[in-house]
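# Reading the structure
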Amino acid sequence: MEVKANLAEINKRITAACIRSGRHTGDVSIIAVTKYVSIERTKEAVESGITNIGENRDDGFLKKWEEIGSSATWHFIGSLQTRKVKNIIEKVDYIHSLDRISLAEEIDKRATKKIKCFIQVNVSGEQSKHGIEPSQLVDFIEQMRKFLSIEIVGLMTMAPLTDDEQVIRDCFKKMKQLRDEIQTKKYEHAPCTEISMGMSNDYEIAIEEGATFIRLGTSLVGNEL
Ligand SMILES: *Cc1c(COP(=O)(O)O)cnc(C)c1O
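To start, this report covers the structure provided alongside it. Along every chain, residues carry numbers that run from 1 in the direction the sequence is written. Reporting of local features is limited, given that this is a predicted model, to residues whose pLDDT is at least 70; pairs of side-chain atoms are given and counted only at 80 or more, and all residues count toward the totals for whole chains, interfaces and linings. With hydrogens and water stripped out, all remaining heavy atoms of the structure feed into the side-chain values.

## Observations concerning the overall build of the protein
Selection rule: Put simply, DSSP H or I for four residues or longer makes a helix, DSSP E for two residues or longer makes a strand, and each gets a number counted from the N terminus. Throughout this description, buried means an accessible area under 20% of the type-specific maximum (1.4 Å probe, protein chains only), exposed means over 50%, and partly exposed covers the range between. Note on definitions: a residue-residue contact is assigned when non-hydrogen atoms from the two residues lie within 4.5 Å. Values of accessible area rely on a 1.4 Å probe in the Shrake-Rupley scheme; residue burial ignores everything except the protein chains shown. Charged residues are defined here as Lys and Arg on the positive side and Asp and Glu on the negative side; His and the ends of the chain fall outside this count. Every charge is mapped onto a representative atom, which is NZ of Lys, CZ of Arg, CG of Asp or CD of Glu.
Each helix and strand counted, the protein has nine helices and eight strands in total. The principal-axis extent of the C-alpha atoms belonging to the protein is close to 45 × 40 × 30 Å. Burial analysis of the protein (225 residues in total) assigns 50% to the buried set. By sequence separation, contacts in the protein at least 24 residues apart represent 55% of the contacts at least 6 residues apart. Here the protein displays about 10700 Å² of accessible surface, and carbon together with sulfur accounts for 46% of that area. Charged side chains of the protein number 32 positive and 35 negative; the gap between the two group centres comes to 3 Å.

## Considerations on helix H7 (residues 165-184)
What counts, and what does not: Expected helix span is computed as 1.5 Å times (number of residues minus one). Nitrogen and oxygen atoms within 3.5 Å of one another constitute a polar contact, given that in protein one can donate a hydrogen and the other can accept it, and given that sequence-neighbouring residues count only through two side-chain atoms.
Here H7 spans 29 Å end to end across 20 residues, near enough to the 28 Å set by a 1.5 Å rise per residue. On the buried face of H7, the contacting elements are helix H6 (137-143), strand E6 (150-156), strand E7 (194-196) and helix H8 (203-208). Between the side-chain oxygen of the N-cap and the backbone nitrogen of Gln166 there are 3.0 Å, and the N-cap of H7 in question is Asp164.

## Examining the environment of Arg13
With respect to the helices, strands and loops of the structure, Arg13 is situated in helix H1 (residues 3-21). In this structure Arg13 touches Tyr203 and Glu204, once residues within four positions along its chain are discounted.

## Details of the environment of Cys171
Within the secondary structure layout, Cys171 lies in helix H7. Note: C-alpha distance between Cys171 and Met158 (13 residues apart in sequence) is 8.7 Å.

## Points about the site of the ligand
To keep things clear, this is the line we draw: For this purpose, a residue is taken to be near a molecule or strand whenever a single non-hydrogen atom of the residue falls within 4 Å of it. The pocket and cavity definitions rest on a 1 Å grid over protein atoms only: a 1.4 Å probe that fits but cannot leave marks a cavity, an open set with protein on both sides within 12 Å along at least five of seven lines marks a pocket, and residues lining either have an atom within 4 Å of a point. What decides whether a molecule sits in a cavity or pocket is whether more than half of its atoms lie within 2 Å of the grid points. Classes in brief: Ala, Val, Leu, Ile, Met, Phe, Trp, Tyr, Cys and Pro nonpolar; Asp, Glu, Lys and Arg charged; the others, Gly included, polar.
Residues in contact with the ligand, as listed here, are Val33, Lys35, Tyr36, Ile77, Met156, Met158, Met199, Ser200, Arg215, Leu216, Gly217 and Thr218. Here an oxygen atom of the ligand and a side-chain polar atom of Ser200 are 2.6 Å apart. A distance of 2.8 Å separates a nitrogen atom of the ligand from a polar atom in the side chain of Arg215. Mapping the ligand onto the cavity grids shows that it belongs to the largest pocket. Looking at the shell around the ligand residue by residue, the classes come out as seven nonpolar, three polar and two charged.

## Thoughts on the pairing of strand E3 (residues 73-76)
Here is the rule: Strands pair, by our definition, only if DSSP identifies at least two bridges between them. By convention, a crossover is right-handed whenever its connection, traced from the first strand over the helix to the second and viewed with the strands pointing away, goes clockwise.
By the bridge criterion, four bridges tie strand E2 (residues 52-55) to E3 in an arrangement that is parallel. Across the sheet, Gly54 pairs through a bridge with His75, a residue of E3. At this point the chain moves from E2, through helix H3 (residues 58-68), to the parallel E3, and the crossover so formed is right-handed. Of the pairings in the sheet, the one linking E3 to strand E4 (residues 94-98) comprises two bridges and is parallel in character. Residue pairing in the sheet places Phe76 in a bridge with Ile95 of E4.

## Things to note about the packing of helix H2 (residues 39-47) against H3
Here is the rule we go by: Lines fitted to C-alpha atoms define the axes here, with helix axes fitted over just the stretch in contact, and angles between the N-to-C directions of these axes take values from 0 to 180 degrees. By definition in this entry, angles of less than 35 degrees are roughly parallel, angles greater than 145 are roughly antiparallel, angles of 65 to 115 are roughly perpendicular, and the rest are oblique. Throughout, a crossing is termed right-handed when the near helix is turned clockwise from the far one, and left-handed when it is turned anticlockwise from it by less than a right angle.
Between H2 and H3, whose axes approach to 10 Å, the crossing angle comes to 55°. Classified by the interaxial angle, the pair formed by H2 and H3 is oblique. Crossing of H2 over H3 shows right-handed handedness. Of the residues in H3, those in contact with Ile39, Thr42, Lys43 and Val46 of H2 are Lys63, Lys64, Glu67 and Ile68.

## Digging into the layout of surface pockets
To be explicit about the condition: Grid points are joined across faces, edges and corners, and a volume is the space filled by probe spheres set on the points.
In this structure, the largest pocket spans a volume of roughly 710 Å³. Lining the largest pocket are 28 residues; nearest its centre among them are Lys35, Met158, Ala159, Met199 and Arg215. Contributing elements (two or more residues each) for the lining of the largest pocket: H7 and strand E8 (213-216). When its volume is computed, the second largest pocket comes out at roughly 200 Å³.

## Side note on the pattern of salt bridges
The condition that has to hold: In the sections that follow, a salt bridge refers to a side-chain nitrogen of Lys or Arg positioned within 4 Å of a carboxyl oxygen of Asp or Glu.
Following the criterion strictly, the structure yields 17 salt bridges and no others. One salt bridge connects Arg41 with Glu44, and the closest N-O pair in it is separated by 3.7 Å. Linking Arg41 with Glu44, this pair stays in helix H2, spanning three residues, or about one helical turn. Using a relative accessible area of 24% as the deciding quantity, one classes Glu44 as partly exposed. For Arg100, the salt bridge goes to Asp99, with nearest N and O atoms at 2.8 Å. You can call Asp99 buried: its relative accessible area is 12%.

Set out below in structure tokens:
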């Protein structure tokens with residue numbers, strides 16, 4: 001497995017998806033999700049030109065951060081327990097999983113700099129998924145205004161687990177509509193320019209529908225578990 005070769009193939013596909021949808025490749029950033037791989041593989045990704053790294057657990061995050069440090073940009077992408085916030089807050093650049101007031105309170109309490117946050121949205125309405133219901137989103141974002149350490153940079157979602165491409169596409173389309181709706185409000189604390197969506201199986205659809213950050217694990221760095 002060569003990360004560099006995977007990245008070349010993925011970049012080709014990103015370019016093709018951008019051309020199909022009239023977008024610029026520079027507007028789509030890749031986050032390498034390293035939760036299934038070693039520190040060595042993570043370093044290989046950085047050497048191949050990856051600058052964004054995503055982890056979904058605090059222990060995995062810290063292990064990789066200690067080896068690679070601030071030469072990369074660090075994304076926390078998984079559901080975040082309130083009591084774990086203090087472990088990562090000094091090191092994280094983006095949190096993709098802000099989904100409740102209590103978590104915002106803890107981030108705001110612990111942060112010593114502005115933390116860029118994505119609000120996780122449960123577009124598909126599946127019970128098993130974390131995230132704010134679309135109908136609650138505007139209200140939730142308005143409640144974020146008082147947390148001065150939090151900047152709402154965008155929205156994040158995970159598509160439903162299905163082979164039905166149309167269902168996935170509809171989910172991503174809905175995300176773009178929500179993002180556009182928030183942007184019309186011109187909130188100072190919530191510029192909401194970004195959309196974090198698309199994983200190994202669905203990133204091309206996500207790009208066609210407006211993703212600005214795609215989160216790639218298996219297809220980019222593999223799975224060593
Ligand atoms: C694991 C994970 C990914 C990457 O998954 P792949 O299918 O391996 O690309 C992306 N986003 C989140 C939130 C994840 O937990």
